[in-house]
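Chain residues, written in single-letter form:
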Amino acid sequence: MVLSGAEIVIRCLQEEKVDYVFGYPGGAVLYIYDALFNQDKVRHVLVRHEQAAVHAADGYARSTENVGVALVTSGPGATNAVTGIATAYCDSIPMVIISGQVPTAAIGQDAFQEVDTVGITRPCVKHNFLVKDVRDIATTIKKAFYLAKTGRPGPVLVDIPKDVSMHKCEFEYPKEVSMRSYNPVVKGHQGQIRKAVQLLLEAKRPMIYTGGGVILANAAEQLTKLTRMLGFPITNTLMGLGGYPASDRQYLGMPGMHGTYEANMAMHYSDVLLAVGARFDDRVIGNPDHFAEEPRKIIHVDIDPSSISKRVRVDVPIVGDLKEVLEEMIRQLEANAARPNPDTLGSWWKQVDEWRSRECMKYKNSDEIIKPQFVIQKLWEVTGGDAIVTSDVGQHQMWASQYYRFDKPRRWLNSGGLGTMGVGLPYAMGAQLANPGAQVACVTGEASIQMNIQELSTCKQFRLPIKICNLNNRYLGMVRQWQQLFHGERYSESYMDSLPDFAKLAEAYGHVGLKIERPSDVEGALREAFARKNDLVFLDFQIDQTENVYPMVQGGKGLTEMILSAEDL
Amino acid sequence: MRHVISLLIENESGALSRVSGLFSARGYNIESLTVAPTEDASMSRMTIVTTGSDDIIEQITKQLNKLVEVVKVVDISEAAHIERELMLTKVRATGKDREEMKRMADIFRARIIDVTDTSYVIELTGNQAKLDAFISAIDPALVLETVRSGVCGVGRGDRILKV
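Residues numbered from 1 in each chain as written. Chains lettered and ligands numbered in written order. Predicted model: local features only at pLDDT ≥ 70, side-chain atom pairs only at ≥ 80, totals over all residues. Heavy atoms only, no water.

Further remarks concern the overall build of chain A. Broken down by element type, chain A carries 22 helices and 21 strands. In terms of C-alpha radius of gyration, chain A reaches 24 Å, essentially the compact-globule figure of 25 Å for 569 residues. Across its three principal axes, chain A shows a C-alpha extent of roughly 70 × 60 × 45 Å. Of all 569 residues assigned to chain A, the portion counted as buried reaches 61%. (Helix = DSSP H or I, 4+ residues; strand = E, 2+ residues; numbered from the N terminus. Rg over C-alpha atoms; globule rule 2.2 N^0.38 Å. Buried < 20%, exposed > 50% of the residue type's maximum accessible area, 1.4 Å probe, protein only.)

Helices and strands together make up the secondary structure of chain B, namely four helices and nine strands. Starting at the N terminus, the α and β elements of chain B follow one another as β-α-β-β-α-β-β-α-β-β-α-β-β. Principal axes of the C-alpha set define a box for chain B whose edges measure 55 × 35 × 35 Å. The 163 residues of chain B split such that 42% are buried. If you sum the accessible surface of chain B, you get close to 8,500 Å²; carbon and sulfur atoms cover 52% of it. Looking at charge distribution, chain B has the averaged site of its 21 positive side-chain charges lying 2 Å from that of its 24 negative ones. (Areas by Shrake-Rupley, 256 points an atom, 1.4 Å probe, with all protein chains shown as cover. Lys, Arg positive; Asp, Glu negative; His and termini not counted. Charge placed at Lys NZ, Arg CZ, Asp CG, Glu CD.)

A few words on the UniProt feature "domain: Thiamine pyrophosphate enzyme TPP-binding" (unreviewed entry) in chain A. Feature annotation in UniProt assigns "domain: Thiamine pyrophosphate enzyme TPP-binding" (unreviewed entry) to the following positions: residues 392-540 of chain A. The distance separating the terminal C-alpha atoms of residues 392-540 of chain A is 15 Å; by composition the span is 38% helix and 15% strand. (UniProt positions renumbered as here; feature names shortened; annotations may be inferred.)

Another point: the UniProt feature "domain: Thiamine pyrophosphate enzyme central" (unreviewed entry) in chain A. Residues annotated in UniProt with the feature "domain: Thiamine pyrophosphate enzyme central" (unreviewed entry) correspond here to residues 193-328 of chain A. Spanning residues 193-328 of chain A, this segment combines 38% helix with 17% strand, and its end C-alpha atoms are found 8 Å apart.

With that settled, the discussion passes to the packing of helix 3 (residues 50-63) of chain A against helix 4 (residues 76-90) of chain A. What describes two packed helices is the angle between their axes and the distance between those same axes. Residue and element names in this part refer to chain A. The geometry of helix 3 relative to helix 4 is characterised by a closest axis approach of 7 Å and an angle of 30 degrees between their N-to-C directions. What the angle tells us is that helix 3 and helix 4 run roughly parallel. The crossing of helix 3 and helix 4 is right-handed. Residue-level contacts link E50, Q51, V54, H55, D58 and R62 of helix 3 to G77, N80, A81, T83, G84, I85, T87 and A88 of helix 4. (Axes fitted to C-alpha atoms, helices over the stretch in contact; angles between N-to-C directions. Parallel < 35°, antiparallel > 145°, perpendicular 65-115°, else oblique. Left-handed = near helix turned anticlockwise from the far one by under 90°. Contact = heavy atoms within 4.5 Å.)

Here the focus is the sheet that holds strand 10 (residues 234-236) of chain A. All names here are of chain A. What the five strands build is an open sheet, ordered 10-9-11-12-13; its pairing is parallel. In the strand order of this sheet, the two ends are held by strand 10 and strand 13 (316-319), each with one partner. Across this sheet, the average inter-strand angle for adjacent strands is 15 degrees, counted without regard to direction. One ladder, built from three bridges, connects strand 9 (residues 206-210) with strand 10; its direction is parallel. Across the sheet, Y209 pairs through a bridge with T235, a residue of strand 10. Each of strand 11 (272-276), strand 12 (297-302) and strand 13 is contacted by helix 8 (residues 190-202), which is oriented at about 135 degrees to strand 13, the strand it contacts most. Each of strand 9, strand 10 and strand 11 is contacted by helix 10 (residues 220-230), which is oriented at about 170 degrees to strand 9, the strand it contacts most. (Pairing = 2+ DSSP bridges.)

All right, on to the pattern of salt bridges then. Residue and element names in this part refer to chain A. Taken as a whole and assessed by the stated rule, the structure comprises 42 salt bridges over all chains. For E334, the salt bridge goes to K225, with nearest N and O atoms at 3.4 Å. Taken together, the positions of E334 in helix 14 (residues 322-334) and K225 in helix 10 put the pair 109 residues apart, joining distant regions of the chain. Classification of K225 by relative accessible area gives partly exposed; the value is 44%. (Salt bridge = Lys/Arg side-chain N within 4 Å of Asp/Glu carboxyl O.)

Attention now goes to the nonpolar core. Residues and elements named next belong to chain A. In this structure, M329, L539 and F541 are the most contacted members of the largest nonpolar core, which totals 98 residues. Viewed by domain, this core spans two of them, domain 2 (190-356) and domain 3 (372-549), each represented by three or more residues. Not counting residues within four places of it along the chain, the set of residues in contact with M329 comprises I193, A196, V197, L226, L274, V301 and I318. The next biggest cluster of nonpolar side chains, apart from the first, holds 46 residues, and it includes A70, C442, I466 and F502. (Core = buried A, V, L, I, M, F, W, Y, C linked by side-chain atoms within 4.5 Å. Domains from an automatic or database assignment.)

All names here are of chain A. Counting across every chain of the model gives one cavity of 30 Å³ or more. Roughly 130 Å³ of volume is contained in the largest cavity. Surrounding the largest cavity, R62, D91, I93, G212, I215, L216, M239, L241, R410, W412, L413 and N414 form its lining. Broken down by secondary-structure element, the contributors of at least two residues to the lining of the largest cavity are helix 9 (212-216) and strand 15 (412-413). The greatest single-element share of the lining of the largest cavity, amounting to three residues, is contributed by helix 9. (1 Å grid on protein atoms, 1.4 Å probe; cavity = no way out; pocket = protein on both sides within 12 Å on 5 of 7 lines; lining within 4 Å. Points joined across faces, edges and corners; volume = space filled by probe spheres on them.)

All names here are of chain B. Each domain of chain B was delimited in the assignment, giving domain 1 (2-78) and domain 2 (82-152). Summarising the inter-unit geometry, the C-alpha centres of domain 1 and domain 2 are found 29 Å apart. Contacts between the two partners involve seven residues from domain 1 and, on the opposite side, six residues from domain 2. Both sides together, the interface formed by domain 1 and domain 2 hides about 520 Å², and carbon and sulfur atoms give 47% of it. Where domain 1 meets domain 2, there are one salt bridge. Here E83 ties to R2 by a salt bridge, and the two come within 2.7 Å at their closest N and O atoms. For the pair domain 1 and domain 2, the number of links is four residue pairs in polar contact (both at pLDDT 80 or more). Of the residues contributing to the side of domain 1 that touches domain 2, the split by class is two nonpolar, three polar and two charged. (Buried area = accessible area lost by both parts, 1.4 Å probe. Polar contact = N/O pair within 3.5 Å; in protein donor to acceptor, adjacent residues only side chain to side chain. Nonpolar A, V, L, I, M, F, W, Y, C, P; charged D, E, K, R; others polar.)

Below is the structure:
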């Protein structure tokens, strides 16, 4: 069948079973939008800014097992998309971004709305393509989806010049794709796995530390099974929340800069550390030299060899798909009668529980002023712990990750790697579209929400009943916290003056807005919001301006050098 | 430590910038980089000379392997290997210098490949040390221009980098 390049693009998306494309039209993608118009399988979500298109596609991917798809035009369309692409890249989210480009003959001529999209995005994509011939579109898109979701996932960009989308050729979608230069490892090395299992069985102070890889590999079930078989303590990183049920006794909370005392102490003083789909980054282990001071054996399972021995030396590296490797570990354990020594493990647990008894997550609640931690706890109660929670970046992000207990994977969506303010609302849009019946809450702050607030309009158009929980402290809270602690309380440019009345703003967009000022109104407001099944409700919580995120490991310090509360200062 | 990394990469536009971009983005050193298509025109071979600790070299090879278009990566300096570089040097060749230059070229087994009334172009191949030695052996005032290709390398004997 002879089709235009634009029609081929849409047919490829249909073949990949894409149900939503998030995008914004423009000159270079007019043919593609025309082809979109003539079909009804692939639905298009018109955002108000390209950055939000990519974030929404990213949120869609995070909340499902599918590849998120965004469509933008050339020039500013592509540059606006860059923040979204980099955000997805840092968290290894499978995405395909299709960008229009000026006609091939105009490339390099400084044409209207021309930028070197492939060049600009090269450092923040898993791979990218410029399609120069209409006959290459189908194989390129096939490759793009294949690359995005296999190996260590990531965003792949396909740049299509306008004339290429106009030209015609015979269309046939390739059934398979093979690339001699790209063959990700799937199965882990048997011998290495055996070595790892042996180490785990002999461990005196074992600890399991898992990250976003577990979520991406859909390996939460296997991880839970293995952890319960071994009876070891476990911690999930910010990206890995929900990988293991947070309400379980073996779970010690999150590690790292704002992690729990018990998780950090157990990480630091473990003698065998099993790291699964995590990358020992600076926000998790703090100073790597301090971390290395305590001798321990490290087993590191990851799909990406370059993540292994990057920041810390690893004793047993295992490269492979996490699900496969964990299943193999379980198989070997099942075939082996040996179990960890209950006495040694018991005395380790005694130590861990002693750390736990410090109750580092305790905070002083108030009857007068709303504490942000209290809002998150109530959100958890009101949603039965089963909402999809998105967040922006800052203090509210940490409070949400600390006080909402995630028992299932793909319930917590945030920008962990790049730390992009403004992702919360578009993530919620993608998640709500992907999960129409689910309760979706966007925990945000008055600064972050304004970075993509225009999307309230998109939410109205697509009737997305998101509940926005704005923890409004009139400050760039995390900046203010660091200025208080490390910059002599000089609050340089961290106070936000002239804020809008968010409740009225939400109403102006056609939504419901509530302003909550008293602790006694928090639960009622949340219940009212979630009872409104069909409305987006903007809850503007006026919270304590002076509240800080604790516990805290200062940048550059070691994991055991924690500030547990304001009294430690 | 100095390392010589050889790699095979798909001969696509932009492939070189993916490699060079990786080095600059992650702060790795490039002492020299050469690239040209192989006997199979769909593939190019690169030789990169870099320096770094063992940890950094391990990361460099892993990061290179991670690039989608890179087919194979080998650190050929891990074992016996051969390195060659080509240098073209244009020198002033007048009066008594004319004979002296000819003699120096002979000593280094270089070839004079262009002759004018006042200059020679001298072609010399060898490892980096030999090329450096030639440059320091001749009078710097006579050197008009120098161009070096960067290092090409290959493993000895059975060590073969091929798909």
